[in-house]
Amino acid sequence: MAGNSQRRGAVRKTGSKKGATVGSGGQRRRGLEGKGPTPKASDRPNHKAHKFANAAAKSGSSRPQRPQRRTKASSEMVAGRNSVLEALRADIPVATMYVAGRIDADDRVREALKIAGERGIPILETPRGELDRLTDDAVHQGLAIQVPPYEYAHPSDFVDPQTPGIPLVVALDGITDPRNLGAIIRSVAAFGGHGVVVPARRSVGMTASAWKTSAGAAARIPVAQVSNLNQALKDFKKAGFFVIGLDMDGDVELPDLELASEPLVIVVGSEGKGLSKLVGENCDQIVSVPMSSAVESLNAGIAAGVTLYEVARRRR
């Protein structure tokens, strides 16, 4: 028994078996220690969010807010021959085209296939049952396309835009119609704006309908999505922007606006409810568009377009 005990002890002391020796655990733990957590984006000098953090620090905030991350929307299916053809004609980004097997091709199908071929879009022949599933039983008429997720910009991209001119941004508050978003993107492009900001919840996102209404402007004007619009507006103000809100009961009429030559965020509210209370409180001025008393209100897209035109006119 004693001999067996000595032999077992010899194995433990010499470490003749392959593997760890006695007392090596501390060395391994030290070897696995890293260099600490990765610094936040706002702490990296070369990151675009650094300007937001600096602005917050200069304004006296003891804890700068963490900037919003870039997010992507989910992919979208567009079904039906007319809808697919219109989307392709509008140069909406397309990941894949789905065509039902043995489809009765008409002029719309032939043109859609031609455009898809010229753009290098993958074309998949798909059983009708699978096409029903992909389109959630929509009336697809044997033709559908998948629009890839939109890659949203970061709101700090607009603080120091790459394109020339004084920064000009439009933010949407409670707008749910994608056609309004598309029209506003088109006006931003027409009048020298640099981007659009939309909330992630209870708001429209970049859908195929918004792409189509923008008439190609969505390919040039970035859209940023934020989780908290009020915080985003505060961050813009800390970065040196003035924030004005559009409302029919404004403090200042558009022709009397004196902030047009400054870095500007124009907030557009929904047609029915206008600006939300907190958003209105975060605006430096509430501006109204003068109009005939016979008209109760303007469409959100039209109101944004008129305001953008006036700002661009004053900046010339």
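Scroll up a little and you will see the structure.
Residues numbered from 1 in each chain as written. Predicted model: local features only at pLDDT ≥ 70, side-chain atom pairs only at ≥ 80, totals over all residues. Heavy atoms only, no water.

When you look at the overall build of the protein in this model, what are you seeing that I'm missing?
Each helix and strand counted, the protein has 11 helices and 11 strands in total. Looking at the 316 residues of the protein, the share that counts as buried comes to 42%. The contacts of the protein with a sequence gap of at least 6 include a subset with a gap of at least 24, amounting to 80%. In the structure as shown, the protein presents an accessible area of about 18000 Å², 48% of it carried by carbon and sulfur atoms. (Helix = DSSP H or I, 4+ residues; strand = E, 2+ residues; numbered from the N terminus. Buried < 20%, exposed > 50% of the residue type's maximum accessible area, 1.4 Å probe, protein only. Contact = heavy atoms within 4.5 Å. Areas by Shrake-Rupley, 256 points an atom, 1.4 Å probe, with all protein chains shown as cover.)

Hey, could you run me through the pattern of salt bridges in this one?
Pairs may arise between side chains of opposite charge once their charged atoms sit close together. For the coordinates displayed, the defined rule picks out 11 salt bridges. Ionic pairing is found between R133 and E130, a salt bridge with its closest N-O pair at 2.5 Å. Separated by 3 residues within a single helix, R133 and E130 lie in helix α6 (residues 128-134), roughly one turn from each other. A relative accessible area of 56% places R133 in the exposed class. What you see here is one network of salt bridges that share partners, running through R81, D106 and R108. (Salt bridge = Lys/Arg side-chain N within 4 Å of Asp/Glu carboxyl O.)

What is the right way to look at unusual backbone geometry in this model?
Glycine aside, residues mostly have negative phi angles, and peptide bonds mostly take the trans form. The phi torsion at D91 lies on the positive side, around 60 degrees, for a residue other than glycine. Checked against the element boundaries, D91 lands in the loop between α4 (81-89) and β2 (96-100). Of note in this structure, D136 is not a glycine but carries a positive phi near 55 degrees. Here D136 falls in the exposed class, since its relative accessible area comes to 67%.

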